[in-house]
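Working through the structure, step by step
What follows is each chain in one-letter form.
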Protein chains: 2
Amino acid sequence: MQTQSIPDLSPTHLSQLQESIQNTFGIINTQELNHIIELFKWKPIKKGEIILRTNQNCQAMYFILSGYIRVFVETADKEVTQWIAYQNYFLTDLASFMFDKPARWTFQALTDAEVYMINKDEYNRIKDFVPTWPEIERLFICHCFTTLEDRVFSHLSMTAEERYHYFFQNNKELFNQVPLQYIASMLGMTAETFSRIRRKYPF
Amino acid sequence: MQTQSIPDLSPTHLSQLQESIQNTFGIINTQELNHIIELFKWKPIKKGEIILRTNQNCQAMYFILSGYIRVFVETADKEVTQWIAYQNYFLTDLASFMFDKPARWTFQALTDAEVYMINKDEYNRIKDFVPTWPEIERLFICHCFTTLEDRVFSHLSMTAEERYHYFFQNNKELFNQVPLQYIASMLGMTAETFSRIRRKYPF
DNA sequence: TTAATTTCTTGATTTATATCAAGTGGCTAC
DNA sequence: GTAGCCACTTGATATAAATCAAGAAATTAA
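These figures come from a predicted structure and were not determined experimentally. (Residues numbered from 1 in each chain as written. Chains lettered and ligands numbered in written order. Predicted model: local features only at pLDDT ≥ 70, side-chain atom pairs only at ≥ 80, totals over all residues. Heavy atoms only, no water.)

With respect to the side chain of histidine 155 of chain B
Which entries qualify depends on this criterion: Secondary structure elements follow DSSP: runs of H or I of four or more residues count as helices, runs of E of two or more count as strands, with numbering from the N terminus. Working definition: with a 1.4 Å probe on protein chains only, accessible area under 20% of the residue-type maximum means buried, over 50% means exposed, and in between means partly exposed. Two residues form a contact once any of their heavy atoms are found within 4.5 Å.
Note on placement: histidine 155 of chain B falls in helix H5 (residues 133-157). The class for histidine 155 of chain B is buried, based on a relative accessible area of 11%. Each residue touching histidine 155 of chain B, except ones within four places of it in the same chain, is listed here: His155 and Leu156 of chain A together with Arg163, Leu187 and Gly188 of chain B.

Details of the packing of aromatic side chains
All names here are of chain A. How we decide: Pairing of aromatic side chains requires ring centres within 6.5 Å, counting the rings of Phe and Tyr and the six-membered ring of Trp. Pairs whose planes differ by under 30 degrees are stacked, by over 60 edge-to-face, and all others tilted.
Scanning all chains against the criterion turns up 30 aromatic pairs over all chains. Judged by centre distance (5.3 Å) and plane angle (75°), the ring pair of phenylalanine 97 and tyrosine 123 falls under edge-to-face. With phenylalanine 97 in helix H3 (residues 94-99) and tyrosine 123 in helix H4 (residues 120-129), this pair connects stretches of sequence that are 26 residues apart. Taking the relative accessible area as the measure of exposure, phenylalanine 97 reaches 2% and is therefore buried. Overall, the relative accessible area of 6% leaves tyrosine 123 in the buried class. Plain terms: the ring middles of phenylalanine 175 and phenylalanine 194 are 6.0 Å apart, the flat faces sit at 20° to each other, and that makes the pair stacked.

Here we look at the protein's contact with DNA strand D
Rule in force here: We call a residue near a given molecule or strand whenever any one of its heavy atoms falls within 4 Å of it. Definition of a polar contact: a pair of N or O atoms within 3.5 Å, with one able to donate and the other able to accept a hydrogen when the atoms are protein atoms, and with sequence-neighbouring residues admitted only if both atoms are side-chain atoms. Classification convention: Asp, Glu, Lys, Arg as charged; Ala, Val, Leu, Ile, Met, Phe, Trp, Tyr, Cys, Pro as nonpolar; all other residues, Gly among them, as polar.
Around DNA strand D there are 16 residues in total, and Leu180 and Arg196 of chain A together with Lys47, Ala160 and Thr193 of chain B lie nearest to it. Taking glutamine 181 of chain A, its main chain carries an N or O atom lying 3.2 Å from a phosphate oxygen of DNA strand D. Of all elements in the fold, only helix H7 (180-186) and helix H8 (191-200) of chain A together with helix H8 (191-200) of chain B reach the threshold of two or more residues within the surface near DNA strand D. A total of four residues in the surface near DNA strand D trace back to one element, the largest contributor, which is H8 of chain A. Residue composition of the surface near DNA strand D, grouped by class: four nonpolar, six polar and six charged.

Quick look at the packing of H4 of chain A against helix H5 (residues 133-157) of chain A
Residue and element names in this part refer to chain A. Applicable threshold: Note on definitions: angles span 0 to 180 degrees between N-to-C directions of axes, and those axes are lines fitted to C-alpha atoms, for helices only across the stretch in contact. Each angle is binned into one of four classes, with values under 35 degrees roughly parallel, values over 145 roughly antiparallel, values of 65 to 115 roughly perpendicular, and all other values oblique.
Relative orientation of the contacting elements H4 and H5 amounts to 125°, with a least axis distance of 8 Å. What the angle tells us is that H4 and H5 run oblique. Contacts between H4 and H5 pair Tyr123, Ile126 and Lys127 from the former with Trp133, Pro134 and Glu137 from the latter. When its residues are assigned to classes, the contact of H4 with H5 shows four nonpolar, no polar and two charged.

Looking at the interface of chain B and chain A
Here is the rule we go by: When two components associate, each loses some accessible surface as probed by a 1.4 Å sphere; the sum of these losses over both components is called the buried area. Salt bridge criterion: a side-chain nitrogen from Lys or Arg within 4 Å of a carboxyl oxygen from Asp or Glu.
Contacts between chain B and chain A engage 37 residues on the former and 37 residues on the latter. Buried area between chain B and chain A, both sides added, is near 3400 Å², and the carbon and sulfur share of it is 71%. Contact with chain A buries surface across chain B, with Arg138, Phe145 and Leu156 of chain B losing the most and accounting together for 19% of the total. Here chain B is connected to chain A by six salt bridges. For arginine 104 of chain A, the salt bridge identified is with aspartate 150 of chain B, shortest N-O distance 2.5 Å. Counting the contacts that link chain B with chain A gives eight residue pairs in polar contact (both at pLDDT 80 or more). Taken together, the elements giving at least two residues each to the side of chain B that touches chain A come down to strand E5 (79-85), helix H3 (94-99), helix H4 (120-129), H5 and helix H7 (180-186) of chain B. Taken together, the residues of the side of chain B that touches chain A break down into 20 nonpolar, 10 polar and seven charged.

Observations concerning the sheet that holds strand E7 (residues 106-109) of chain B
Selection criterion: Between any two strands, pairing holds if DSSP finds at least two bridges.
Taking strand neighbours across the sheet as the criterion, the four strands line up as E2-E7-E4-E5 (chain B) in an open arrangement whose pairing is antiparallel. The open sheet has two edge strands with one neighbour each: strand E2 (50-52) and E5 of chain B. Neighbour to neighbour, the strand axes of the sheet diverge by 30° on average, direction disregarded. In the sheet, strand E4 (residues 69-74) of chain B pairs with E5 of chain B via six bridges, with the strands oriented antiparallel. Within the sheet, the bridge partner assigned to valine 71 of chain B lies in E5 of chain B and is tryptophan 83 of chain B. Strand contacts of H5 of chain A: E4 and E5 of chain B, with the helix running at about 125° to E5 of chain B, the strand carrying the most contacts.

Quick look at the relation of the copies chain B and chain A
What counts here: Superposing the copies works by least squares over the C-alpha atoms of residues that have pLDDT at least 70 in both of them.
Structural alignment of chain B on chain A gives an RMSD of 0.0 Å, achieved by rotating through 180° and translating 0.0 Å along the axis. Each copy turns onto its partner about a two-fold axis.

The values are spatial; any link to function lies outside them.
What follows is the structure, given as C-alpha cells:
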C-alpha cells in the first residue's frame, strides 16, 4: 500500500474533508482542524484496484473524496459484500486498525476514486493536539455501532423486499453507480431476487 | 427506574465486577478500580421485570452479576429479540445512553437477576479520575462494533442452521436457562424452525 | 396435587428465496 | 465495428423457512 501524495492539495477536496470532519465529529477549532487535515495524504485509486486484502494488517483509515469502494470477503462458496462506501465515508477495517488483527475485509474500488488516507501512527497522534478528540471519536464510534445495530435488526425483522426498500430510500444514488449484484449481496439476497424485486417497482 | 442499594456489597460480587472490568477494559490500578466500583449500585431484579422500555430515556448502564435479561422490541406484527445478556455483560441502550435519544429497546429480566447499575452522570465522571479511561472505553466500544459486524456477516452468508450452530458453540449454557423462542428470534428464525434444527442435533 | 399457563414439538401446507440455466443487452478493447 | 466479457433479466425448479394448527411437555400458580 503506497501513498502518492501531491504537494498542493485541491482546496475543494480540503474543504470537503474539513466539512465532513466538522459534521461527523462536531465542532473543532480551525487550528486543530488544519492540524488534523495535514496528517491526511491524498491518493488516487484506479477502478478495480484493491487497497486492502483480507488477512493483511490494515494500517490506514481512508476518507473517500469521490468514487465507490466495495468492502467484501471471499467465503468458501461465494463472495460476500459487506458494505459499499462512497463520498464522505470514513473507511477502515476496525478490528485490524484498532487491534492489529488480520483484516477481515478486502477493499476494492468499483470506480476510479480519490481518498485521503491517514496511517495508524498519525491517527493516534491526533489526540495529542486535539484535547477533545477522544470524546469526539467516542461519539463517532457509538454512532457507527447504532447503525450496525439497525442493520442486524433489519435481518431479524424484515423480508428481502423490505430491506430493499429501506436501503433504496436512503441510498438512491448508489443504484446508478455500482453493479447491482454487490448491493444485492450487501442486503443479504441473490442478484436474481434483487432483480425481481426491482421489476415490481420500476422508477 | 429506581435503585435499591444495600450498604454492604457482597465481596463475591465486587470481585466479579472488578475482574470483569479488568478483563474487559484492560489494566487499571487498584485505586482507580475501587473508585469506579464505588459509583455502581447493586440492584436486584425480579423475573419478568422491565427495567427499560422502548422510547424511554436510558439513563443507566448495567453490569449483570447473575440472571438473564432480554433485549427486544415490539414491531407491528411480532416481538423481535435483539440480544440476551447475562453474567458479566455490560448492558445499555447505547443510542439513548450516549445521545439522549429515545431507547430503541426494552430490557426484561427472563429470570431473577442481580445487576450493578451506574447512571449516566456518574459514568461520565469516571474519566475525571481514571486518565486512561477514554482509551479503555474506545477499545471496548470498538470490540462491540466488530462483534456486531460478525453478526451482520452471519446474516449475509449463513443459513438458519449455520447460525444456530455458530451461536450454540459459543453460548451453550444459555440453552438451558431461557425460553428457546427468544434465542430463535435473536438468530432470525421462528421457534418452529429452531425446534426442527434442534431435533436434527440431539445432545 | 392439580389446574392453568406457557413453551416446545410436530405435521401439513404455503411462501419466500435460492439455484440452475439460458438468453439479452451494454460496454470495452482491439 | 465487431468480438468478448460482464451485468442483468427471466423462467423453471428446488429448497429453506414461515405459517397455521394441534397437541405434548414443562413450568407456574392455586
